[in-house]
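Spelled out, the chains give:
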Amino acid sequence: KKDQTQDPHPPKIGNFAVPGQFPGALFSFGQRNPDKGGAQLSLFSDYFVGKGKHLTELWPTGTYGMTEDLAVTFVTPFAISERDSSQSSSGVEDMFLQLEYVTYESSTASYEDYSTIVGTVIFPTGSTKKTPATGLGASSFFVGATFVRTYTDWLWFLSDGITFATNQEGRRAGNVFLYQGGVGRNIFSIQGDTSLAWVVEINGAYSQKSKVNSRRDPNSGRNIVYCTPSLQLCVEHLLLQLGFGFPIAQHVNGHQNKEKYLLMSNFVWTF
C-alpha cells in the first residue's frame, strides 16, 4: 500500500462531504471498512419474493478495524420467515467470519481508488433438517476482490468472488460465482454534515449443481442477474440505504421456482 501522506485529495464535497462515510454497494459484498480501532454495527435486512416462495432475513453485523488495512466482520443471519410452496421454516442461518484487506489505495485531486481482497469462513450453524433448510449443513468458504473509484459526484465499483462448500454426509452444495458492479452519483450534500446519493448495482450469481453421493442434483444450480437501484443517506456516524431489486436474467435447473423481486435496507452506525 502506498504512502498517502503527500497525496492530493478530492475536496470535501459531494461523495466526500461526510468524514468516514462514503456511498457504495448495498447488495454487493465488501467495500466498507472502518479505520484502525474503529468499529461498525449494522443491521441489513432483505425480503426476496419468487413464484410460490418468499424469504425475509435479518443480518446483524459487527465490524472492527484491526489495522489501517485489515478489518474483521462477524455476521449472524436469521431467516425470519421462509416459505417454498407449502413448506415454511425460520431460524438461525449459517454464521460467517470475514476478513477484508486493503491491497491498494490512491488519491488525486479528482478521485480516490480503493481495492480490497475478502476471505470468509462460513460455519454450519443453520439447519438442514428444516424445510426449507436454513443452512448448507457443512462449512464453506468465500474469497473475492473489490475495486472502487470515487469522484466528488460519481462513483463506480466492481467485485467478483466464489463460494465453495465442503462435503457433508455425501452431499456437497455447488460452488457459487459472484460477478458484480455498480455506478452511483451524489444528489446533494452539506459539507461535514449530510450526503445523499443514488447507486445502481448489477449483481450476478452463477450456482453450480449440488452433488448427492457423487451424483448431480437436477433440481439445483442456477444463474440469476439482479438490477438493484438504491438511495443512500449519510450523516455523521450514521448511514441508511434502501434498495429495490429485480431480475433482468435468470435460468434455473429442474423444478425450482423463479425470483420476482427483492427489497433491501441497511443501517450502519460507525463509532
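Notes on the structure follow.

## Here we look at the sheet that holds strand E14 (residues 215-216)
Reading across the sheet, the three strands line up as E10-E13-E14 and stay open at both edges, with antiparallel pairing between neighbours. Each of the sheet's edge strands pairs with one partner strand only, and the pair in question is strand E10 (171-172) and E14. Sheet analysis places E10 next to strand E13 (residues 211-212), joined by two bridges and oriented antiparallel. If you follow Arg171 over to E13, its bridge partner there is Val212.

## Let's talk about the pattern of salt bridges
Evaluated as defined, the whole model comprises three salt bridges. The closest approach of N and O atoms between Glu259 and Arg222, which form a salt bridge, is 3.0 Å. Separated by 37 residues along the polypeptide, Glu259 in strand E17 (residues 259-270) and Arg222 in strand E15 (residues 222-235) bring together distant segments of the chain. Judged by its relative accessible area of 11%, Glu259 is buried. The exposure class of Arg222 is partly exposed, given its relative accessible area of 26%.

## Quick look at a nonpolar patch on the surface
Where nonpolar side chains cluster on the molecular surface, the patch consists of Leu41, Leu43, Leu58, Phe78, Ile80, Leu233, Leu238, Leu240, Leu242, Phe267, Trp269 and Phe271 and spans about 1,000 Å² of accessible area. Counting only elements with at least two residues in the nonpolar patch, the list comes to strand E1 (39-50), strand E4 (78-84), strand E16 (238-252) and E17. With three residues, the top contributor of residues to the nonpolar patch is E16. With respect to the helices and strands, Leu233 occurs in strand E15. Residue Leu233 is classed as partly exposed on the basis of its relative accessible area of 34%.

## Some remarks on the nonpolar core
Leu26, Phe44, Phe48, Leu55, Ala79, Ala205, Ile224, Tyr226, Leu262 and Met264 together form the largest nonpolar core, which totals ten residues. Mapped by element, the contributors of at least two residues to this core are E1, E15 and E17. The residues touching Ala205, leaving out its near neighbours within four places in the chain, are Val176, Phe177, Leu178, Tyr179, Arg222, Asn223 and Ile224. Of all hydrophobic cores here, the second largest spans seven residues; its members include Val102, Tyr114, Phe157 and Val199.

## What about the pairing of strand E5 (residues 87-92)?
Looking at chain direction, E4 and E5 are connected through five bridges and run antiparallel. Bridge assignment links Asp84 to a residue of E5, and that residue is Gln87. Following E4, the chain reverses through two residues before pairing antiparallel with E5; Ser85 in that reversal takes a positive phi of roughly 60°.

## Looking at the environment of Pro23
Take Pro23: it is sitting in the segment before E1. Residues Pro23 and Trp198, 175 residues apart in the sequence, show an inter-C-alpha distance of 8.2 Å. Ignoring sequence-local partners within four residues, the contact set of Pro23 consists of Asn15, Arg32, Leu155, Ala197 and Gln232.

## Some points on the side chain of Ser195
If you trace the backbone, Ser195 turns up in strand E12 (residues 194-207). Using a relative accessible area of 2% as the deciding quantity, one classes Ser195 as buried. A distance of 3.4 Å separates a polar atom in the side chain of Ser195 from the backbone oxygen of Gly14. Within the structure, Ser195 has its side chain in polar contact with the side chain of Asn186 (distance 3.1 Å). Excluding residues within four positions of it along the chain, Ser195 makes contact with Gly14, Asn15, Val18, Asn186, Phe188, Ser189, Gln232, Leu233 and Cys234.

## Some thoughts on the environment of Gly144
Mapped onto the secondary structure, Gly144 falls in strand E8 (residues 140-151). Taking the C-alpha atoms as reference, Gly144 lies 5.0 Å from Val118; in sequence the two are 26 residues apart.

## Considering the pairing of strand E7 (residues 111-122)
Strand direction decides the pairing type here: strand E6 (residues 96-107) and E7, joined by eleven bridges, are antiparallel. Across the sheet, the residue bridging to Val102 is Thr116, located in E7. Adjacent in sequence and paired antiparallel, E6 and E7 are bridged by three residues. In the sheet, E7 pairs with E8 via twelve bridges, with the strands oriented antiparallel. Within the sheet, the bridge partner assigned to Asp113 lies in E8 and is Arg149.

## With respect to unusual backbone geometry
With an omega of 0°, the peptide bond running from Thr131 to Pro132 counts as cis. By secondary structure assignment, the location of Pro132 is in the loop between E7 and E8. Here the phi dihedral of Ser214 falls at roughly 70°; this positive angle occurs in a residue that is not glycine. Here Ser214 is to be found in the loop between E13 and E14. At His237, a residue that is not glycine, the phi angle is positive and equals roughly 75°. In this fold, His237 is placed in the loop between E15 and E16.

What counts, and where the lines are drawn
- By convention here, each chain's residues receive numbers from 1 onward along its written sequence.
- Given that the model is predicted, a residue must reach a pLDDT of at least 70 before its local features are reported, and side-chain atom pairs must reach 80 or more before they are shown or counted; all residues, however, enter totals for whole chains, interfaces and linings.
- As a rule here, side-chain values come from all non-hydrogen atoms in the structure, and water together with hydrogens is ignored.
- At least two DSSP bridges between two strands are required for those strands to pair.
- Each helix corresponds to a stretch of at least 4 residues labelled H or I by DSSP, and each strand to a stretch of at least 2 residues labelled E; elements are numbered beginning at the N terminus.
- Any carboxyl oxygen of Asp or Glu that lies within 4 Å of a side-chain nitrogen of Lys or Arg is treated as forming a salt bridge with it.
- We call a residue buried when its accessible area falls under 20% of the maximum for its residue type, exposed when it is over 50%, and partly exposed in between, using a 1.4 Å probe and counting protein chains only.
- Patches here are clusters of residues that have more than 30% relative accessible area and form no salt bridge, with a 9 Å joining cutoff for like charges and a 5 Å cutoff for nonpolar side chains (Val, Leu, Ile, Met, Phe, Trp, Tyr).
- Reported accessibility uses the Shrake-Rupley method at a 1.4 Å probe radius. Residues are deemed covered only where the shown protein chains occlude them.
- The definition of a nonpolar core used throughout is a set of buried Ala, Val, Leu, Ile, Met, Phe, Trp, Tyr and Cys residues joined through side-chain atoms within 4.5 Å.
- Here a residue-residue contact requires only that any non-hydrogen atoms of the pair lie within 4.5 Å.
- Nitrogen and oxygen atoms within 3.5 Å of one another constitute a polar contact, given that in protein one can donate a hydrogen and the other can accept it, and given that sequence-neighbouring residues count only through two side-chain atoms.

Keep in mind that these numbers describe shape and distance, not what the molecule does.
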